[in-house]
Amino acid sequence: MTTWPVAITGLGCICAAGGTVPECLDSLYAGRRAPAHPTRFVSSHPTPFPVFEVRDYREPPELLRTSALAVQAAREAFADAGFSPEELRGLRVGVCVGTTVGSALNDEGFCRAHRAGEEPDLFPMERILNSNPAAVIARAFKCSGPCQTVVNACASGTDAVGLAASWIRGGICDVTIAGGADELGRITYHGFISLMITDDSPCKPFDRDRKGLNLGEGAGMLVLESEQVRVRRGARARSFVMGYGSACDAYHLTAPQPDGVGLRQAVAEALSCCAVAADQVSFVNAHGTGTPDNDRVESRVLAELFPGVPYHSTKGYTGHTLGAAGGIEAVFTVACLERGLIPASAGFENADPELAGEPLRSNREVAGGFALSQSLAFGGSNSVLLFGKGDAA
Amino acid sequence: MTRLLVKGIGVAGAFGTGVESFQNALAEGRVTVGSIDVATGEGVQTVPAYRADTAGLEEFVPKRALRRVDHYSKLALLGSYLALKDAEMLGADLGRIGLVIASGYGATATTYAFLDSLISGGDNCASPTHFANSVHNAAAANVAITLGIRGPSLTVSQFDMSVPSALVSARQWLAEGRVDAVLFGAIDEVSELVAYLQHRRCGPRHAVSMVPFDAGSESSIIGEGAAFLVLTRDEGGPAYCGIDSVATGNIFGGELSLPDDALLLLGADGRSELARRYLDAVPAGGKAACYTPLYGCMPAAAAFDLAAAALALKSGRAFASPAGPSLFAPGKGDVSRICSLRLAGPSEYATVVMSC
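Residues numbered from 1 in each chain as written. Chains lettered and ligands numbered in written order. Predicted model: local features only at pLDDT ≥ 70, side-chain atom pairs only at ≥ 80, totals over all residues.

Peer 1: Explain the overall build of chain B here, please?
Peer 2: Assigned secondary structure in chain B consists of nine helices and 14 strands. The C-alpha radius of gyration of chain B comes to 19 Å, within 12% of the 21 Å expected for a compact globule of 356 residues. Taking the principal axes of its C-alpha atoms as reference, chain B extends roughly 60 × 50 × 40 Å. Within the span of chain B, comprising 356 residues, buried residues form 62% of the whole. Considering only intrachain contacts with a sequence separation of at least 6, the fraction spanning at least 24 residues in chain B is 79%. (Helix = DSSP H or I, 4+ residues; strand = E, 2+ residues; numbered from the N terminus. Rg over C-alpha atoms; globule rule 2.2 N^0.38 Å. Buried ≥ 20, exposed ≤ 12 C-beta atoms within 10 Å, placed from the backbone. Contact = placed C-beta atoms within 7 Å.)

So this is what it looks like as structure tokens:
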């Protein structure tokens, strides 16, 4: 399958690493990270697990935090692309957002009251029904094109960007805002603890002593634009979506296929879109959650498909932001490719003799023209985005 | 725009299981509405609901293999097997097939069960099994694992617009040649949570039958089921019908553009706040039909509309609307083009135009 590149003209991000893209990059390049015990909810679990919360941000009461974070990142991305609200209204603007909790009917307080035989206030459920992330962005920016909330678990954000590029190529939209958003709450916190894949210390992706993931929250958004509109506006492409691939393991609900067959297929599809060879890839932003299984499979596939190509995980700075991860990491990949500098893989200290390679120990300059961002998810979904360098600044 | 073909249909709902049951319900214009008991502040209440039985899945999957599969995923599996069988693709190489599933609310029963484990067992005793199965794409994962589908997989949750929204991306996969076929489906389930919300929304006097276009009173009845289609690019061969176009988005101040030569298949489902928008969408003299009283009020109903349209187009005859004013009963009219229309909120719309 051959497709053509789609321009990325704007980026937006909010997560534990920072409230904007420049703030996040500063944190990444400085090696700053601040996992801490949750402050927005309490837990009686005997073991405290560190998380990466977005501090100093309060969502409006009528919206789920997930959707509010999505709007915040979208606002930065549209501004970065140079779009005013008036300009957007004259275009077919689509919205494609990945999430895991943004459309789930799972309010604990409501459930607790119902179970207790009370007649709980419907407001929490109405808020969920009014907070579909893609629909909220569409309302906030008066986007008239298709809306899609992708719920492919932890690959959602990556899939959303890949699908959005397809919509542009297909002429369905002039512009698409795409990425991922998720909030951190008690339900996901205890859910992941129950699966026994969380680390009670700061996460250590690809490290010998890794014990699991730390959860995080945030949103990462990208503005994708048709060449017709971009040329007319004279907008600079910060990067291009060169390829997208996705494939199922068809193996297990929560564990990746040990030989990474689905990930290999997704990588192959992404590279084939624009006939880019593996040795042309400058670096890979790995999923790198810090769980033993994920990092084992991923490092095996990276070593076989991209020998010698540097890779890193940025989850050491953000935590695992679930449906937002693909969006946030797409933003980071684009920004790092643009700057020609990739940050060290935070939390990595000791090489694991069972893994075929190791991630970056320190920041490194890169000169190539392509970078990959990949996501592995519950349900055996594997998704990969290939980005190309944009116009010179 | 790439035209698609509908090659197979797999449906399960209150009308029964399979195309024949669905076709009979469409022809007869009636189904039996079931119910669900739900705890409320005033004791246990019985809420009318269209229920779907997944017993038919045992024709395809051993009962033993389904022990840990919840009702939501069973619905998806049943719809998938039926659609592939109908398309004569069961047992075929599925290497170039993609999987797209739309659901308004996901696995609500399992989601609630997970919360229950957290509430009743404490923070240290949350159920990992319920948590893993509560993610929206659990159904797609179970379908992929059971059928061995290794192509791309997508699950979409856009509430009422889930089905047309997902169809936009399914169509793109085919248009770009990512896959040669898409197993496209929609599922929603009736659960205690959904029933309780319906009870609170409608009050103690529940409607016993749906009157889709009554803007003056609430007559929605919650439903569940699975409606799956096997879609390919239009490269000839036997098919139910074609899908000519898919459009979805928001109208901010403008007017909805609808084809003037198509039968409008309206997604009105007894929710009074949407009834007027549907009525206003029908042009003067336009022909329209509505089949939601055969499967109930749920986001996945949009996929049942597509399946019903496909059956009507294959036979060349529209089914009569089971309820509503005479305007919405095209009766014995021939039909060669159908536009399925879904509306939500003040501005969301979707149209899917299908033809012979």
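Peer 1: Sorry, what's going on with the overall build of chain A here?
Peer 2: The secondary structure content of chain A amounts to 13 helices and 14 strands. Its C-alpha atoms give chain A a radius of gyration of 20 Å, within 12% of the compact-globule value 21 Å for 393 residues. Across its three principal axes, chain A shows a C-alpha extent of roughly 60 × 55 × 40 Å. Considering chain A as a whole, with its 393 residues, one finds that 63% of them fall into the buried category. Restricting the contact set of chain A to residue pairs at least 6 apart, pairs at least 24 apart contribute 82%.

Peer 1: Even after reading the chapter, I still don't get helix 2 (residues 71-86) of chain B, so can you show me in this structure?
Peer 2: In an α-helix, one turn spans 3.6 residues; hence positions three or four apart end up facing the same way. Residues and elements named next belong to chain B. With 16 residues, helix 2 extends 22 Å between its outermost C-alpha atoms, agreeing within 8% with the 22 Å of an ideal straight helix rising 1.5 Å per residue. The element helix 2 is largely enclosed, with a buried count of 14 among its 16 residues. Of the residues one or two after helix 2, glutamate 88 is the one with positive phi, at around 55°. (Expected span 1.5 Å × (residues − 1).)

Peer 1: What is the right way to look at helix 8 (residues 186-194) of chain A in this model?
Peer 2: Of all nine residues in helix 8 of chain A, eight are buried; the element is thus mostly enclosed. Where helix 8 of chain A is buried, its residues contact strand 2 (51-52), helix 4 (108-115) and strand 6 (215-216) of chain A together with helix 3 (108-121) and helix 4 (128-134) of chain B. Phi turns positive one or two residues past the end of helix 8 of chain A, at methionine 196 of chain A, with a value near 60°.

Peer 1: Is there a simple way to explain the sheet that holds strand 4 (residues 43-50) of chain B in this structure?
Peer 2: Across a sheet, paired strands are connected by hydrogen bonds in the backbone, their directions being either parallel or antiparallel. All names here are of chain B. Spatially, 3-4-8 is the arrangement adopted by the three strands of the open sheet, whose pairing is mixed. The sheet is open, and its two borders are formed by strand 3 (34-40) and strand 8 (222-223), each paired with just one other strand. In this sheet, strand 8 lies alongside strand 4 in parallel orientation, the contact comprising two bridges. Bridge assignment links alanine 49 to a residue of strand 8, and that residue is isoleucine 222. (Pairing = 2+ DSSP bridges.)

Peer 1: I would appreciate a short explanation of unusual backbone geometry in the present structure.
Peer 2: Note: most peptide bonds trans; most residues except glycine with negative phi. Residues and elements named next belong to chain A. Its identity is not glycine, yet aspartate 56 carries a phi of approximately 55°, on the positive side. Examined against the element boundaries, aspartate 56 turns out to sit in the loop between strand 2 and helix 2 (65-81). The phi angle at lysine 142 is positive, at roughly 55°, despite the residue not being glycine. Mapping lysine 142 onto the fold places it in the loop between helix 6 (133-141) and strand 4 (147-150).

Peer 1: So what exactly am I meant to see when it comes to the UniProt feature "domain: Beta-ketoacyl synthase-like N-terminal" (unreviewed entry) in chain B here?
Peer 2: Per the UniProt entry, the sites bearing "domain: Beta-ketoacyl synthase-like N-terminal" (unreviewed entry) are residues 4-234 of chain B in this numbering. Secondary structure content for residues 4-234 of chain B is 35% helix and 24% strand, while the C-alpha to C-alpha distance between its ends is 5 Å. (UniProt positions renumbered as here; feature names shortened; annotations may be inferred.)

Peer 1: Teacher, can you tell me more about the UniProt feature "domain: Ketosynthase family 3 (KS3)" (unreviewed entry) in chain A here?
Peer 2: Within this structure's numbering, the places UniProt gives as "domain: Ketosynthase family 3 (KS3)" (unreviewed entry) are residues 1-389 of chain A. Counting secondary structure, residues 1-389 of chain A comes out at 34% helix and 20% strand; the distance between its end C-alpha atoms is 21 Å.

Peer 1: Would you explain the interface of chain A and chain B in this entry?
Peer 2: Quoted interface sizes are often the accessible area lost when the parts come together. Taken residue by residue, the interface counts 60 residues in chain A and 58 residues in chain B. Contributing elements (two or more residues each) for the side of chain A that touches chain B: helix 4, helix 5 (123-129), helix 6, strand 4, helix 7 (156-169), helix 8, strand 8 (239-248) and helix 10 (261-273) of chain A. Looking at the side of chain A that touches chain B element by element, the count peaks at five residues for helix 4 of chain A. Tallied by class, the residues present in the side of chain A that touches chain B amount to 26 nonpolar, 27 polar and seven charged. (Nonpolar A, V, L, I, M, F, W, Y, C, P; charged D, E, K, R; others polar.)

Peer 1: Mind showing me how you'd approach the pairing of strand 9 (residues 225-233) of chain B here?
Peer 2: Looking along a regular strand, one sees the side chains alternate between the two faces of the sheet. All names here are of chain B. Burial within strand 9 is extensive, with eight of its nine residues counted as buried. With eight bridges connecting them, strand 1 (residues 4-13) and strand 9 associate as antiparallel partners. In the sheet register, isoleucine 9 faces strand 9, and the bridge partner there is leucine 229. Bridge count between strand 7 (residues 181-188) and strand 9: eight bridges; the pairing is antiparallel. Within strand 9, the residue paired with valine 182 across the bridge is leucine 231.

Peer 1: How should the nonpolar core be read in this particular structure?
Peer 2: It is characteristic of soluble globular proteins that their nonpolar side chains tend to be buried jointly. One finds Leu224 of chain A together with Ala307 of chain B to be the most contacted residues of the largest nonpolar core, which totals 264 residues. Considering every element that reaches this core, the biggest residue donor is helix 9 (residues 301-315) of chain B, with 12 residues. Sequence-distant contacts of alanine 307 of chain B, that is, excluding residues within four places in its chain, are made with Ile9, Val11, Phe22, Ala227 and Leu229 of chain B. (Core = buried A, V, L, I, M, F, W, Y, C linked by C-beta atoms within 7 Å.)

Peer 1: Even after reading the chapter, I still don't get the environment of glycine 249 of chain B, so can you show me in this structure?
Peer 2: Here glycine 249 of chain B lies in strand 10 (residues 241-250). Spatially, the C-alpha atoms of glycine 249 of chain B and glycine 185 of chain B are 20 Å apart, while their sequence positions differ by 64 residues. Setting aside its immediate chain neighbours within four residues, glycine 249 of chain B contacts Ser144, Gly145, Pro146 and Cys147 of chain A together with Tyr349 of chain B.

Peer 1: Explain the environment of proline 202 of chain A to me, please; I cannot follow it from the model alone.
Peer 2: Residue and element names in this part refer to chain A. By secondary structure assignment, the location of proline 202 is in the loop between helix 8 and strand 6. Residue proline 202 is classed as partly exposed on the basis of its 17 C-beta neighbours within 10 Å. As for proline 202 and proline 35, which are separated by 167 residues in sequence, their C-alpha atoms are 6.3 Å apart. For proline 202, the contacting residues outside a window of four places in its chain are Pro35, Pro50, Asn214 and Gly347.

Peer 1: Mind showing me how you'd approach the environment of lysine 63 of chain B here?
Peer 2: Residues and elements named next belong to chain B. Within the element layout of this structure, lysine 63 appears in the loop between strand 4 and helix 2. The exposed category is assigned to lysine 63, around which 9 C-beta atoms lie within 10 Å. Separated by 147 residues in sequence, lysine 63 and methionine 210 have C-alpha atoms that sit 35 Å apart.

Peer 1: Explanation requested: the packing of helix 2 of chain B against helix 5 (residues 138-147) of chain B in the structure shown.
Peer 2: To characterise two packed helices, one gives the angle between the axes of the helices and the distance between these axes. All names here are of chain B. Taken N-terminus to C-terminus, the directions of helix 2 and helix 5 make an angle of 50°; their axes are 9 Å apart at the nearest point. The angle between the axes of helix 2 and helix 5 places the two elements in the oblique class. The hand of the helix 2/helix 5 crossing is right-handed. The residues of helix 5 that touch helix 2, namely those facing Tyr72, Ser73, Ala76, Leu77 and Ser80, are Ala138, Ala139, Asn142, Val143, Thr146 and Leu147. Split by residue class, the contact of helix 2 with helix 5 holds seven nonpolar, four polar and no charged. (Axes fitted to C-alpha atoms, helices over the stretch in contact; angles between N-to-C directions. Parallel < 35°, antiparallel > 145°, perpendicular 65-115°, else oblique. Left-handed = near helix turned anticlockwise from the far one by under 90°.)

Peer 1: Teacher, can you tell me more about the packing of helix 2 of chain A against helix 6 of chain A here?
Peer 2: Residues and elements named next belong to chain A. In contact at an axis separation of 9 Å, helix 2 and helix 6 are set at 50° when each is read in the N-to-C sense. As summarised for this structure, helix 2 and helix 6 are arranged oblique, according to the angle between their axes. Crossing angle aside, the handedness with which helix 2 passes helix 6 is right-handed. The segment helix 2 lies against helix 6, with Thr66, Ser67, Ala70, Val71, Ala74 and Phe78 engaging Pro133, Val136, Ile137, Ala140 and Phe141. Across the contact of helix 2 with helix 6, the residue classes break down as nine nonpolar, two polar and no charged.

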